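Notes for the structure review
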Amino acid sequence: MGTKIFIVSEFVDKKQNSTGFYFSKIASAILEDNPEVVIISSKRSCELAKNNFGTSVDYSTIESKDRKKGTVISRGLHDLSFSIKLAIKLFKSSSKGDIVISGSNPTLLLFLISFIKLFKKFKLVLIVHDIFPENVGTTRFSLVYSSFLRVFIPFFNLAFKRSDAIVAIGRDMKEVLFDKIKNDKVKIKYIPNFVDLNEFKFKSLQNKNPNTDKIEFNFFGNLGLLQGIENLLESISMVKNKNVRFNFIGDGSERPLVEKFINCHKDIDVNLADPVSMEDNLDTLLLGDVAIISLGKGMKGLCVPSKTYFSLAVNKPLLIISDRDSELDHLIKEHPRIGWFCEAGNPENLAHTIDKICVEGIDKEREDPFNVVKNFYDFALVKEDYKKLIKDLKALK
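Everything in this summary refers to the structure shown in the same document. (Residues numbered from 1 in each chain as written. Predicted model: local features only at pLDDT ≥ 70, side-chain atom pairs only at ≥ 80, totals over all residues. Heavy atoms only, no water.)

All right, on to the sheet that holds strand E4 (residues 99-103) then. Pairing is parallel across the open sheet formed by seven strands, whose spatial order is E3-E2-E1-E4-E5-E6-E7. For this open sheet the edge positions go to strand E3 (58-62) and strand E7 (187-190), each flanked by a neighbour on one side alone. Strand-to-strand twist across the sheet, computed as the mean angle between neighbouring axes with direction ignored, equals 20 degrees. The pairing of strand E6 (residues 165-168) with E7 spans four bridges and is classified as parallel. Residue pairing in the sheet places Ala 165 in a bridge with Lys 187 of E7. (Pairing = 2+ DSSP bridges. Helix = DSSP H or I, 4+ residues; strand = E, 2+ residues; numbered from the N terminus. Axes fitted to C-alpha atoms, helices over the stretch in contact; angles between N-to-C directions.)

Rendered as structure tokens:
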């Protein structure tokens, strides 16, 4: 019997969210060279994943409720319970020499799997999409709560140190992880997020709202504390050009902030729509002229929004709001024709940039955003990095 490869994640299907999309595609890449793959995930996600993998993988499922519903405490308890159940499944199934691939969410799962590794002696690969609790510490949570979370940083650092390999989706994130771990035995590899262009059919920039001639800026996805929504709304209130519309599509803790802004600024064309599933996001991404990719100040090295690459895949220029020297800043510096960069925490500069875009207009014929994905972030290219990573780990004694 060869080496078993376990993929442990709350989501492993392409239909619900970006986490499931990425784990689904990573699993498909690994299956090309490794026949013995076991997926441990929620029952619902595994049922959806079977549409892609069928019987080519083994499934170990767990019942899971929708954690989007309920209070913060109830969602936290759900994550705790679900993480423990995933960990128990892994403990019972894995053996010495196996390879376990997991992510950074739910946060407790990271710690539990690293603890199980001490006993089961498998090789552990962590795919880090965000770094907790540092990312929460950058938000406007109370000082007491932020200080409480920081108590746990050494424990999460220990979990990272027990890994054999870590995938960082940003070069800035790789630097943060290197500083956290300080262990040469842990291989930290930069592998960016991606889009599968074989499944993502490209359409031109003409797919905008036919009922308006205004330049439309779309914010799509999580309206959370990490996205710098307050800074974005402040800048919108400063924009002088009236030939502009702002669309927010999504949900999260900052959605009431957007609702309040709309009610208080009837003279500004701002719209708010409900979130859509991963399965239906293509139509939403095609709307508008410019995709807003926003992170709050201090988020350098802590996360990289996946919608960056999906927006580029439908040829939308990006208005990026982020820290200097972040992965998003590097992206614009390397490919300046794909959009504009504004430093996070500077609403005046952001408003000026929006006014400038409205005056200069959008070049609807250029395909620079799409070509960047095609040449650098297509799954057909990125999957080779994952296949090599697994091959190197299997050879590791």
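Now that the structure has been shown, we can carry on.
This part takes up the packing of helix H7 (residues 153-161) against helix H8 (residues 171-181). Direction vectors running N to C along H7 and H8 enclose 100 degrees, while the axes themselves pass 9 Å from each other. As judged from the angle between their axes, H7 and H8 are roughly perpendicular. For the pair H7 and H8, the contacting residues are Ile 153, Asn 157, Phe 160 and Lys 161 in the first and Leu 177, Lys 180 and Ile 181 in the second. Along the lines of polarity and charge, the residues of the contact of H7 with H8 split into four nonpolar, one polar and two charged. (Parallel < 35°, antiparallel > 145°, perpendicular 65-115°, else oblique. Contact = heavy atoms within 4.5 Å. Nonpolar A, V, L, I, M, F, W, Y, C, P; charged D, E, K, R; others polar.)

So, on to the environment of Lys 85. Residue placement: Lys 85 occurs in helix H3 (residues 72-93). You can call Lys 85 partly exposed: its relative accessible area is 40%. For the pair Lys 85 and Ser 42, spaced 43 residues apart in the sequence, the C-alpha separation amounts to 9.9 Å. (Buried < 20%, exposed > 50% of the residue type's maximum accessible area, 1.4 Å probe, protein only.)

This paragraph deals with the packing of aromatic side chains. Following the criterion strictly, the structure yields eleven aromatic pairs and no others. Ring plane angle 45 degrees and centroid distance 6.0 Å describe the contact between Phe 21 and Phe 194, whose orientation is recorded as tilted. A residue pair is termed long-range when its members are at least 10 positions apart, and Phe 21 in helix H1 (residues 18-31) and Phe 194 in the loop between E7 and strand E8 (215-220) qualify at 173 residues. One cation-aromatic arrangement involves Lys 120 over Phe 91; the distance from NZ or CZ to the ring centre is 4.9 Å. (Phe/Tyr/Trp six-rings, centres within 6.5 Å; stacked < 30°, edge-to-face > 60°. Lys NZ or Arg CZ within 6 Å of the ring centre and 35° of its normal.)

Let's shift gears to the pattern of salt bridges. The full count for this structure, using the stated rule, is 23 salt bridges. A salt bridge links Lys 43 to Glu 63, with the shortest nitrogen-to-oxygen separation between them at 3.5 Å. Of the two residues, Lys 43 is situated in helix H2 (residues 43-53) and Glu 63 in the loop between E3 and H3; the sequence distance between them amounts to 20 residues. By relative accessible area, which is 38% here, Lys 43 ends up partly exposed. Taking the shortest distance from any N to any O, the salt bridge between Asp 325 and Lys 333 comes out at 3.7 Å. Taking relative accessible area as the criterion, Asp 325 reaches 39% and is therefore assigned partly exposed. (Salt bridge = Lys/Arg side-chain N within 4 Å of Asp/Glu carboxyl O.)

A regular strand carries its side chains on alternate faces of the sheet. Burial of the side chains of strand E1 (residues 5-8) extends over both faces: Ile 5 and Ile 7 are buried on one face and Phe 6 and Val 8 on the other. Across four bridges, E1 lies against strand E2 (residues 37-42) in parallel orientation. Looking across to E2, one finds that Phe 6 is bridged to Val 38. Considered for its hand, the β-α-β crossover made up of E1, H1 and E2 is right-handed. With four bridges joining them, E1 and E4 adopt parallel strand pairing. From the neighbouring strand, Ile 5 faces E4, where its bridge partner is Ile 99. (Right-handed = clockwise from strand over helix to strand, strands pointing away.)

It is worth spelling out the side chain of Ser 114 at this point. Among the secondary structure elements, Ser 114 is positioned in helix H4 (residues 107-120). A relative accessible area of 0% means that Ser 114 is categorised as buried. Ignoring any residue separated from it by four or fewer positions in sequence, one finds Ser 114 in contact with Leu 124, Ala 159 and Arg 162.

What follows covers a nonpolar patch on the surface. Judged by side-chain polarity, Leu 77, Leu 80, Ile 84 and Ile 88 come together as a nonpolar surface patch covering roughly 340 Å² of accessible area. Inspection of the secondary structure assignment puts Ile 84 in helix H3. (Patch = residues over 30% accessible without salt bridge, like charges linked within 9 Å, V, L, I, M, F, W, Y side chains within 5 Å. Areas by Shrake-Rupley, 256 points an atom, 1.4 Å probe, with all protein chains shown as cover.)

Right, let's talk about the packing of helix H9 (residues 229-238) against helix H10 (residues 255-264) for a bit. At a minimum axis distance of 10 Å, the contact between H9 and H10 shows a crossing angle of 15 degrees. It follows from the interaxial angle that H9 and H10 lie roughly parallel. Read as a crossing pair, H9 and H10 show a hand that is right-handed. Residues Ile 229, Glu 230, Leu 233, Ile 236 and Ser 237 of H9 lie in contact with H10, whose contacting residues are Leu 257, Val 258 and Phe 261. The residue makeup of the contact of H9 with H10, split by class, is six nonpolar, one polar and one charged. (Left-handed = near helix turned anticlockwise from the far one by under 90°.)

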